[in-house]
Amino acid sequence: LKDWKAIVLLGMIICISDTSSEYKTENFYILLIVFAIFAILFCFEEGYRFKIITETLKGKNRPPSIANISNIIKEGFFEVITLIFYFSVYLIINTFCLSRLNLDTFTFGLILFCFSQIIALLILASPIYKALHGSEFKSGFNAIGIMKLYYKMGLSKIIIMMINI
């Protein structure tokens, strides 16, 4: 591995992020500091993930270097905003679906559940579509374009992708 430092750093960030969610204290300021560190690390992880997607789409098969950390964190922040948007819509739809799901409104609940699964697919492909379109922030919200990307992939590849997740 040529750029082993990036892999080790990413592993450390994921480990720290995972253990920071287990941190318990009553002190508000310490919690605020832990949350800020977690948010920065999460933005870095998402930015580096986006960089991996972008480099992979360019045909490179090595992990990208960590050259400009501030740009990686900035790109990660935009990825987090996109994920929060789609995940919020997903949660709202699923909550509405589950609260309305009973024997009388089963069809209505099934329709809402299917719609929420489409939102889940948008969450998965948003970074890929964004990377294919010049890393523009607004392209991550182009639901029609993202669904066309899935259409080009084909149903069998989508099913395999969903099974692997």
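Our structure's up above, just so we're on the same page.
Here is a short report on the structure shown in this document. (Residues numbered from 1 in each chain as written. Predicted model: local features only at pLDDT ≥ 70, side-chain atom pairs only at ≥ 80, totals over all residues. Heavy atoms only, no water.)

## Side note on the overall build of the chain
Link 1 in the chain: Within the chain, the secondary structure is distributed over six helices and zero strands.
Link 2 in the chain: Helices and strands appear in the chain in the N-to-C order α-α-α-α-α-α.
Link 3 in the chain: Considering the chain as a whole, with its 165 residues, one finds that 31% of them fall into the buried category.
Link 4 in the chain: Within the chain, counting contacts between residues at least 6 apart in sequence, those at least 24 apart form 65% of the total.
Link 5 in the chain: A total of about 11200 Å² of accessible surface is found on the chain, and carbon and sulfur atoms cover 71% of it. (Helix = DSSP H or I, 4+ residues; strand = E, 2+ residues; numbered from the N terminus. Buried < 20%, exposed > 50% of the residue type's maximum accessible area, 1.4 Å probe, protein only. Contact = heavy atoms within 4.5 Å. Areas by Shrake-Rupley, 256 points an atom, 1.4 Å probe, with all protein chains shown as cover.)

## Focus: the pattern of salt bridges
Link 1 in the chain: According to the stated counting rule, one finds five salt bridges in the structure shown.
Link 2 in the chain: Linking Arg49 and Glu46 is a salt bridge whose minimum nitrogen-to-oxygen distance equals 2.7 Å. Residue Arg49 and its partner Glu46 are both found in helix α2 (residues 28-57); the two are separated by three residues, about one turn of the helix.
Link 3 in the chain: What makes Glu46 buried here is its relative accessible area of 6%.
Link 4 in the chain: We note a salt bridge from Glu55 to Lys60, for which the minimum N-O separation is 3.2 Å.
Link 5 in the chain: Residue classification places Glu55 among the buried positions, given a relative accessible area of 14%.
Link 6 in the chain: Linked by salt bridges that have partners in common, Glu55, Lys58 and Lys60 make up one network. (Salt bridge = Lys/Arg side-chain N within 4 Å of Asp/Glu carboxyl O.)

## Some words on a nonpolar patch on the surface
Link 1 in the chain: On the surface, Trp4, Val8, Met12 and Ile16 cluster together into a nonpolar patch covering about 400 Å² of accessible area.
Link 2 in the chain: Mapping Trp4 onto the fold places it in helix α1 (residues 4-20). (Patch = residues over 30% accessible without salt bridge, like charges linked within 9 Å, V, L, I, M, F, W, Y side chains within 5 Å.)

## Points about the side chain of Glu75
Link 1 in the chain: Along the chain, Glu75 turns up in helix α3 (residues 69-100).
Link 2 in the chain: When its relative accessible area of 17% is taken as the criterion, Glu75 is described as buried.
Link 3 in the chain: At 2.6 Å, the side chain of Glu75 and the side chain of Lys130 are in polar contact.
Link 4 in the chain: Discounting chain neighbours no more than four positions away, the residues touching Glu75 are Gly47, Phe50 and Lys130. (Polar contact = N/O pair within 3.5 Å; in protein donor to acceptor, adjacent residues only side chain to side chain.)

## Digging into the packing of aromatic side chains
Link 1 in the chain: Tallying each qualifying case throughout the model produces nine aromatic pairs.
Link 2 in the chain: Three or more aromatic residues joined by ring pairs form one cluster here, namely Phe77, Phe78, Phe85, Tyr86, Phe137 and Phe141.
Link 3 in the chain: It is Lys130 that lies over the ring of Phe50; its NZ or CZ is 4.8 Å from the centre. (Phe/Tyr/Trp six-rings, centres within 6.5 Å; stacked < 30°, edge-to-face > 60°. Lys NZ or Arg CZ within 6 Å of the ring centre and 35° of its normal.)

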